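A closer look at the structure
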Amino acid sequence: MADDYILQVKDLKKYFPIKGGMLSRVVGQVKAVDGVTFNLKRGQTMGLVGESGCGKTTTGRVILRLYKEKTGGDVLFEGKEVYDLNAKQMRDMRTQMQIIFQDPFSSLSPRLPVGEIIGEAVREHGLVTKAEYDDYVDKVMDDCGLQSFQKERYPHEFSGGQRQRICIARALALNPKFVVCDEPVSALDVSIQAQIINLLKELQEKRGLTYLFISHDLSVVEHISDMVGVMYLGNLVEYGRKEDIFDHPAHPYTKALFSAIPVPDPSSKMKRIVLEGSIPSPANPPSGCKFHTRCKNCMKRCMEEAPVQKEIAPGHYVVCHLYDN
Amino acid sequence: MAKKREDGYLSGREARRIQKENRRIINEFEKKRKRKNVPESEYLTTMHDPNNAVEFDDLHTFFFTDSGTVHSVDGVTFSVPIGKTVGVVGESGCGKSVTSLSLMQLVQRPQGQIVSGQIRLNLGDKAYEISKVPQEKMQSIRGNVVSMIFQEPMTSLNPVFRIGDQVDEVIALHDGEGKTKEEIKKRTIEALEMVGIANSEGVYRMFPHELSGGMRQRVMIAMSLACSPRVIIADEPTTALDVTIQAQILDLLRNLKDRINSSIMLITHDLGVIAEMADYVVVMYAGRVVEQGTAEDIFYHPAHPYTMGLMASKPVVGKHVEQLYSIPGKVPNPVNMPDYCYFRDRCEMCVKECEGAYPGMISLSDTHKVSCYRFLDEHRAEAEDPDRMPEAVREMMDAMKKLHADNAAHAAGSDAEREV
Ligand SMILES: Nc1ncnc2c1ncn2[C@@H]1O[C@H](COP(=O)(O)OP(=O)(O)OP(=O)(O)O)[C@@H](O)[C@H]1O
Ligand SMILES: Nc1ncnc2c1ncn2[C@@H]1O[C@H](COP(=O)(O)OP(=O)(O)O)[C@@H](O)[C@H]1O
Ligand code: SF4
Ligand code: SF4
Ligand SMILES: [Mg+2]
Ligand SMILES: [Mg+2]
């Protein structure tokens, strides 16, 4: 059964040291990711939501082993621990796991023509023969809605939406199985957003891709995901099928987050739970349940004892004392 | 004038000609603007409707650039009623910010200039024509009468000064005459408390980088509202914030606005934010207003194909669609606007008149106006025929109609309850 899962993440942790003082000694730790557990099936999309600074990007990056080490937990890609791979194995793994960044402006080298940006790594990894190379790059560009005559042009000559297409083409040229999309449409206009989201969905169907889709826009996440995870201060506080999360949100934070979404309906003005205050610092998180400082349902034990993950319905997991029995 | 090539290529000779011409035009405008001791009578005017705080009337604001004249605001007409919130929507580059900057006379000069039209600003006992107000006079209008909240509060706060000093300075500048330092500080603390900053004495001594994005935005709002302006321009005030913080800030803006009875001009590309905040909505496309009306008009009965496209392309929680609508094509080149409807090359609902000149405004009701040939009397039936709309647009229209009906039923229901 485990073969069903392309990605299994168990109790994943990533802390960053805070250096201070004259000797740059470690004086504390930012617990950016502090116990994240979920499984992802092949061909599915997991949406990851939460306020800024809650650890979404770091989660994506630790899974891809873009840091030298993790602080704790397991990342199994197709059943193998990613952090146990040797240099040669990791090189191969790089082509199978890709990332698309939030900012299509700064993530493209301004000095390379687009064809080279997309094709560079393909050549480096020897994915296709020299004879096939040009056609291959054309094909990838075509799949991503770019035209082959644009190969010679430089990134600054493209609009925001087109640059995001270039980023997608660069990632997909390596024929990955798994792609982390980190806020891929947040910097774009609504009308362009729709094009990029449709493109990502279409490519997923064509190529059987699995996505980890990070976004703070809940309506985009609902549209694109099969599974949804909600993060708060480094923890995955709720996780399950999209329908479970959106139709029956269980965690008080998820409920507050959902009620904060402005809906395009002028008669629905204000029926929301406004969360007081802002997210506490991950360097010094509250004791017990990290959400207790802002939670409407906070009980005495919430301040002392951290809740653990519970399955409240098949495949629907929540981390909250309200569901202890 | 030599015809420009489609791709915007300019010959050296053409480029030099444009530069020379630009210099001449710009100098003329600048000369007018910099005059000293201009009598007030030259820029006094009367509001067409005394209930309006601002009236934009056929405003044209252009940028004279080396590659040609950019028609950023190209004949914009709408008003902001006193005590109301007007939402301005449209995709990036459509002229939302330039419209609001024109009202502040903060368009980047010298290349950016208000070339024609009027902006009438209501000062209570009198009204000014902003495009004619000389520079020196403008100082006292900014901040006092009209103030602005920007998208990125970090860039608008000075990183090297403490929060307290920066708010003090604003208060001293606009409202500090005859006040001691202590009195000004007291006002600052009050202003910080008014925007919901709990630890106001502490924040008074902090630097901007010590605050979160939401707190910085609160400070910005405190600064802009310190002098109870008549008009608040909020340009994407929550775009850089999380939804939870956004909800707090929107709540705050709404409450403060009511407290000092000012008007808000809210610029955003988020239709959800507009629906929640705005009484009236103005939809801009390529420098022009294509549709305007009450929030109900625009959301329940969108009429312009661009407005419909925008609404259909936004994913909405709880509304499941296979594919999002995406408006085909792209915005026309602002240096080289066509002489027909600017939306025609992307429009999927054209009628034969669309071949002709740019469409004028057609009134659909007292409040609702649209610039589109589909609403000529002879096409009216066609315009409202769902079978002629792209599928995603039809779905969206159906959903909004249903929502409207449900809301009406719900309202009727609760009225009945009240009568019992
Ligand atoms: N300083 C400038 N020089 C030349 N052109 C300018 C300048 N500022 C704005 N423009 C042009 O004016 C047009 C309208 O710009 P504006 O900033 O008002 O758009 P907007 O709708 O507010 O966009 P966004 O949502 O990206 O802020 C654009 O075509 C833009 O390129
Ligand atoms: N390289 C780093 N060094 C120190 N702190 C970091 C680093 N990267 C991220 N963090 C911190 O970790 C937390 C989570 O960050 P991130 O995952 O980027 O959040 P987001 O959910 O916005 O993507 C934040 O508090 C951030 O400041
Ligand atoms: S554990 Fe307690 S404080 Fe935490 S979310 Fe649940 S009810 Fe709220
Ligand atoms: S005037 Fe014609 S081309 Fe323009 S938006 Fe209306 S139907 Fe479309
Ligand atoms: Mg991030
Ligand atoms: Mg703008």
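Residues numbered from 1 in each chain as written. Chains lettered and ligands numbered in written order. Predicted model: local features only at pLDDT ≥ 70, side-chain atom pairs only at ≥ 80, totals over all residues. Heavy atoms only, no water.

So, the overall build of chain A
When helices and strands are tallied, chain A shows 10 helices and 12 strands. Across its three principal directions, the C-alpha atoms of chain A cover 70 × 55 × 50 Å. Evaluated residue by residue, chain A yields a buried proportion of 53% over its 325 residues. Of the contacts made within chain A by residues no fewer than 6 positions apart, 63% connect residues no fewer than 24 positions apart. Positive and negative charge centroids in chain A, built from 42 and 41 side chains respectively, lie 5 Å apart. (Helix = DSSP H or I, 4+ residues; strand = E, 2+ residues; numbered from the N terminus. Buried < 20%, exposed > 50% of the residue type's maximum accessible area, 1.4 Å probe, protein only. Contact = heavy atoms within 4.5 Å. Lys, Arg positive; Asp, Glu negative; His and termini not counted. Charge placed at Lys NZ, Arg CZ, Asp CG, Glu CD.)

Describing the site of ligand 3
In the region of ligand 3, the neighbouring residues are His 251, Pro 252, Cys 289, Phe 291, His 292, Cys 295, Asn 297, Cys 302, Pro 307, Cys 320, His 321 and Leu 322 of chain A. Counted by class, the shell around ligand 3 contains eight nonpolar, four polar and no charged residues. (Near = heavy atom within 4 Å. Nonpolar A, V, L, I, M, F, W, Y, C, P; charged D, E, K, R; others polar.)

Comments concerning helix 9 (residues 252-259) of chain A
When you tally the buried positions in helix 9 of chain A, you get seven out of eight residues, the bulk of the element. Along helix 9 of chain A, the positions that sit buried rather than exposed are Pro 252, Tyr 253, Thr 254, Ala 256, Leu 257, Phe 258 and Ser 259 of chain A. Tucked inside the fold, the buried residues of helix 9 of chain A contact strand 3 (45-49), helix 7 (218-224), strand 9 (227-232), strand 10 (235-241) and helix 8 (242-247) of chain A together with helix 9 (243-260) of chain B.

Structural notes on the sheet that holds strand 12 (residues 316-319) of chain A
Residues and elements named next belong to chain A. Strands sit in the order 6-7-8-3-9-10-12-11 across an open sheet of eight strands; the sheet is mixed. The sheet is open, and its two borders are formed by strand 6 (97-100) and strand 11 (309-313), each paired with just one other strand. With direction set aside, neighbouring strand axes in the sheet form an average angle of 20°. As defined by bridge partners, strand 10 adjoins strand 12 across two bridges and the pair is classed as antiparallel. Within strand 12, the position partnered with Tyr 239 by the bridge is Tyr 317. Where helix 1 (residues 56-63) meets the sheet, it contacts strand 3, strand 6, strand 7 (178-182), strand 8 (210-214) and strand 9, and its direction lies at approximately 150° from that of strand 8. Packed onto the sheet, helix 2 (residues 87-96) meets strand 6 and strand 7 and runs at close to 50° relative to strand 6. (Pairing = 2+ DSSP bridges. Axes fitted to C-alpha atoms, helices over the stretch in contact; angles between N-to-C directions.)

Notes on the sheet that holds strand 3 (residues 68-81) of chain B
Taken together, the five strands give an open sheet; going across it, the order is 1-6-5-2-3 (chain B), and neighbouring strands pair in antiparallel fashion. Looking at which strands have only one partner, the edges of the open sheet turn out to be strand 1 (44-45) and strand 3 of chain B.

Quick word on the interface of chain B and chain A
Each partner contributes residues to the interface: chain B has 43 residues there, and chain A has 36 residues. The interface formed by chain B and chain A contains zero salt bridges. Linking chain B with chain A are four residue pairs in polar contact (both at pLDDT 80 or more), by the criterion used here. Where the side of chain B that touches chain A is concerned, the elements lending two or more residues are helix 9, helix 10 (271-277), helix 11 (295-300), helix 12 (305-313) and helix 14 (391-419) of chain B. A total of eight residues in the side of chain B that touches chain A trace back to one element, the largest contributor, which is helix 9 of chain B. (Salt bridge = Lys/Arg side-chain N within 4 Å of Asp/Glu carboxyl O. Polar contact = N/O pair within 3.5 Å; in protein donor to acceptor, adjacent residues only side chain to side chain.)

Things to note about the side chain of Lys 70 of chain A
Residue and element names in this part refer to chain A. Relative to the elements of secondary structure, Lys 70 occurs in the loop between helix 1 and strand 4 (72-77). You can call Lys 70 buried: its relative accessible area is 19%. Among the polar contacts made by the side chain of Lys 70, one reaches the main-chain carbonyl oxygen of Gly 73 at a distance of 3.3 Å. Within the structure, Lys 70 has its side chain in polar contact with the side chain of Glu 81 (distance 3.0 Å). Those residues within four positions of Lys 70 in sequence are excluded, and the remaining contacts are Leu 12, Lys 13, Lys 14, Val 62, Val 75, Glu 81 and Tyr 83.

Let's talk about the confidence of the model for chain B
All names here are of chain B. Residues at a pLDDT of 70 or more form 95% of chain B, whose mean pLDDT is 87. This stretch, residues 1-7, has a pLDDT under 50; its non-local contacts, to residues over four places away or in other chains, come to six contacts. Among the scores for the predicted complex, ipTM is 0.78 and pTM is 0.84. (pLDDT = per-residue confidence, 0-100.)

A word on the packing of aromatic side chains
Residue and element names in this part refer to chain A. This model, assessed by the stated rule, comprises 15 aromatic pairs over all chains. Between Phe 77 and Phe 178, the aromatic rings sit 6.2 Å apart at their centres with planes inclined by 50°, giving tilted as the arrangement. With Phe 77 in strand 4 and Phe 178 in strand 7, the pair connects residues that are 101 residues apart, well separated along the chain. Take Phe 77: its relative accessible area is 1%, and that puts it in the buried class. Since its relative accessible area comes to 0%, Phe 178 is described here as buried. Where Tyr 239 meets Tyr 317, the ring centres are 5.6 Å apart and the plane angle is 10°; that geometry is what we call stacked. Separated by 78 residues along the polypeptide, Tyr 239 in strand 10 and Tyr 317 in strand 12 bring together distant segments of the chain. A residue is classified by how much of its surface remains accessible, and Tyr 317, at 23% relative accessible area, is partly exposed. Each residue in the set Phe 38, Tyr 239 and Tyr 317 is aromatic and connected to the rest through ring pairs, giving one cluster. If you follow Arg 61 out to its NZ or CZ, it ends over the ring of Tyr 67, 5.5 Å from the centre. (Phe/Tyr/Trp six-rings, centres within 6.5 Å; stacked < 30°, edge-to-face > 60°. Lys NZ or Arg CZ within 6 Å of the ring centre and 35° of its normal.)

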